[in-house]
Amino acid sequence: MAWEAVIGLEIHGQLLTKSKMFCGCSTAYADTAPNTHVCQVCAGMPGVLPVANREAIRSTVMTALALHCSIPAFSKFDRKNYFYPDLPKGYQISQFDLPLSRDGYLDIQGDNGKPRRIGITRVHLEEDTGKSTHPGEGYSLVDYNRCGIPLMEIVSEPDMRSAEEARQYFMQVRSVLLYLGVNNGDMSKGCLRCDANVSVRPVGSSTLGVKTEVKNMNSFRAVKLAIDYEIARQIEILEAGGRIAQETRGWVEATRGTVSQRSKEDSHDYRYFPEPDLPPLVLEPAYVEGIRATLPEMAPERASRLARQFDLHEVDALQITTSRATADLFENTAALLASGREAAKWILGEFQRLINDHGIEAEEQTTVRPQGLAALIRMVEAGQLSTTAAKTVFDRYFHSGEDITAIVNTMGLQQVSDRETLEPIALRAIAANPNAVADYKRGKTQALGRIVGAVMKDMRSANPALVGELLRELIDRQES
Ligand SMILES: [Zn+2]
């Protein structure tokens, strides 16, 4: 029997507000001591009152609009009750039946390169929990610094049919969040995370199979591996005549598998009820339209525009615009040059390679600037720098951010493109290689390469293209 996977993602992203969701505590808790960014409100003391963060609501509405959601005029916060040490109140303030937004979509590149539209059920707002650590036998520690950080949840429809589609969708959502500047996209620190609901069914069936929820995936690679693993696991059970248990499973990187964590709760297990300490959210159409008007140009539109404006291949433009920082670097570099093609080649080639090698994001690098990259490209185009030398220069520039000309001079990589300097060396090489010259004259054009090699041996900084040109001229002159 042929099987089909059905996948939906729940993506959680911390919002980049200055203060927490319902209190004035600072959100800048990274690298600080545990429990130093906590007040009575986020620590869940009795008798305190939450106040909703205006900026968090604005960021969520903005994201929802970018994901083509509609924003109802009326929404509210609800209490989601559960008991866990990292949740001091004993409930999380979230949104249940009347979320801030609903019914959106995101277009992605599906399997076989075909465009696919993934439905977005809702984008809502809630608060993050604290963090428990289990450092030794018999005790645990809890840090409430993360408690109450504004957390946006983006819930998709079960529209994805493969792990690769899920990965593409997640990458696309991350790109949207980075374009909007509402989340830092950092998955390794859990600022952006995703859970996957996975089930399988016979191809052609329209009923849904029993799903499991897969957690703990903190990279795009892990999302792909974990979902692939889970699909295979479920198919194996069903083909052996077994049943899938509705449960939450955690991805374990070390063993490359998912393990059962707990049986999955249904929403009624949480005893949701309206948060009595917060008024409902009433968003005026003028407020929503005001936010819509500030939406930046997003990746797909920017890709089309850059492709037109700078004569790029569509595929290159799409790749460049995946990250806003990369797109900015490209656009500002290309604007300084006659054509965008070279800038695209460098950014997708050397720049991307170094970024990947260092395991960082384009947003995090601070050394490569449009002026520097444009200067480097101009030197190559002017024949002052060979492509190989330019790569060496770029590598150093990426690490140090020094002035390009200074790097070229310090490293002595300037290419000699001066005919008067090259001519005597070329003549010497012609005299020293009579066989190659004879071959070349007989029409074996590749014999010229041997003479170019001889010149380059004599002067490593010679411009090889110019040397070739010069040799042809000199040999032709001898002939006549
Ligand atoms: Zn607080």
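Higher on the page you've got the structure.
Bear in mind the structure is a predicted one, so any value in this text is a computation, not a measurement.

Digging into the overall build of the protein
The helix and strand inventory of the protein stands at 15 helices and 15 strands. A compact globule built from 480 residues should have a C-alpha radius of gyration of about 23 Å, whereas the protein, at 30 Å, is more than 25% larger. Every one of the 480 residues in the protein was classed for burial, and the buried ones make up 47%. Put simply, of all contacts in the protein between residues at least 6 apart along the chain, 69% involve residues at least 24 apart. For the protein, the accessible area works out to roughly 23,500 Å², and carbon and sulfur atoms hold 52% of it.

Here's the deal with the nonpolar core
The biggest cluster of nonpolar side chains holds 99 residues, and the ones touching the most others in it are Leu9, Ile154, Tyr169, Ile227 and Phe330. For this core, the element with the most residues is helix α2 (residues 163-180), which contributes 9 residues.

Overview of the packing of aromatic side chains
The description of an aromatic ring pair uses the distance of the two centres, along with the angle that the planes make with each other. For the structure shown, the criterion picks out 10 aromatic pairs. Arranged with centres 5.6 Å apart and planes meeting at 85°, the rings of phenylalanine 22 and phenylalanine 77 form a pair that is edge-to-face. Taken together, the residues span a long stretch of sequence, with phenylalanine 22 in the loop between β1 (3-14) and α1 (54-66) and phenylalanine 77 in the loop between β2 (74-75) and β3 (78-81) at a distance of 55 residues. When sorted by exposure, phenylalanine 22 lands in the same class as phenylalanine 77, which is buried. Members of the aromatic cluster, each reached through a chain of ring pairs, are Tyr82, Phe96, Tyr270 and Tyr272. One Lys or Arg, lysine 80, reaches over the ring of tyrosine 270 and ends 4.4 Å from the middle of that ring.

Points about the packing of helix α8 (residues 341-357) against helix α10 (residues 387-400)
Packing of α8 against α10 brings their axes to within 11 Å, and their N-to-C directions diverge by 50°. Taken together, α8 and α10 sit at an angle that is classed as oblique. In this structure, α8 crosses over α10, and the sense of that crossing is right-handed. Residue-level inspection shows Trp346, Glu350, Phe351, Arg353, Leu354 and Ile355 of α8 in contact with α10, the latter providing Ala390, Lys391, Phe394, Asp395, Phe398 and His399. Taken together, the residues that form the contact of α8 with α10 break down as 7 nonpolar, 1 polar and 4 charged.

Let's talk about the pattern of salt bridges
Going through the model one piece at a time under the given rule, you end up with 37 salt bridges. A salt bridge links glutamate 331 to arginine 302, with the nearest nitrogen and oxygen atoms 2.9 Å apart. Of the two residues, glutamate 331 is situated in helix α7 (residues 324-334) and arginine 302 in helix α5 (residues 299-310); the sequence distance between them amounts to 29 residues. Comparing glutamate 331 with arginine 302 shows no difference in burial state: the two are buried. Close ionic contact of arginine 305 with glutamate 331 constitutes a salt bridge, the shortest N to O distance being 2.9 Å. With arginine 305 in helix α5 and glutamate 331 in helix α7, this residue pair connects regions lying 26 residues apart in the sequence. Residue class for arginine 305 comes out partly exposed when judged on its relative accessible area of 22%.

Let's talk about the coordination of the zinc ion
For the zinc ion, every protein donor is listed as Cys23 (SG), Cys25 (SG), Cys39 (SG) and Cys42 (SG), and the spread of their distances is 2.3 to 2.4 Å. Coordination at the zinc ion is tetrahedral, judged from the 4 donor atoms that bind it and the angles of 102 to 115° they form at the metal. We note that the donor set of the zinc ion lies within a single chain, spaced as C-x1-C-x13-C-x2-C. Within this pair, whereas cysteine 23 is found in the loop between β1 and α1, its partner cysteine 42 is found in the loop between β1 and α1, the two being separated by 19 residues in sequence. Residues cysteine 23 and cysteine 42 agree in their burial class; the two are buried.

Definitions and cut-offs
- Residues numbered from 1 in each chain as written.
- Predicted model: local features only at pLDDT ≥ 70, side-chain atom pairs only at ≥ 80, totals over all residues.
- Heavy atoms only, no water.
- Helix = DSSP H or I, 4+ residues; strand = E, 2+ residues; numbered from the N terminus.
- Rg over C-alpha atoms; globule rule 2.2 N^0.38 Å.
- Buried < 20%, exposed > 50% of the residue type's maximum accessible area, 1.4 Å probe, protein only.
- Contact = heavy atoms within 4.5 Å.
- Areas by Shrake-Rupley, 256 points an atom, 1.4 Å probe, with all protein chains shown as cover.
- Core = buried A, V, L, I, M, F, W, Y, C linked by side-chain atoms within 4.5 Å.
- Phe/Tyr/Trp six-rings, centres within 6.5 Å; stacked < 30°, edge-to-face > 60°.
- Lys NZ or Arg CZ within 6 Å of the ring centre and 35° of its normal.
- Axes fitted to C-alpha atoms, helices over the stretch in contact; angles between N-to-C directions.
- Parallel < 35°, antiparallel > 145°, perpendicular 65-115°, else oblique.
- Left-handed = near helix turned anticlockwise from the far one by under 90°.
- Nonpolar A, V, L, I, M, F, W, Y, C, P; charged D, E, K, R; others polar.
- Salt bridge = Lys/Arg side-chain N within 4 Å of Asp/Glu carboxyl O.
- Donors = N, O, S within 2.8 Å, 3.2 Å for Na, K, Ca; no water.
- Tetrahedral: all angles 85-135°; square planar, octahedral: opposite > 155°, others 65-115°.

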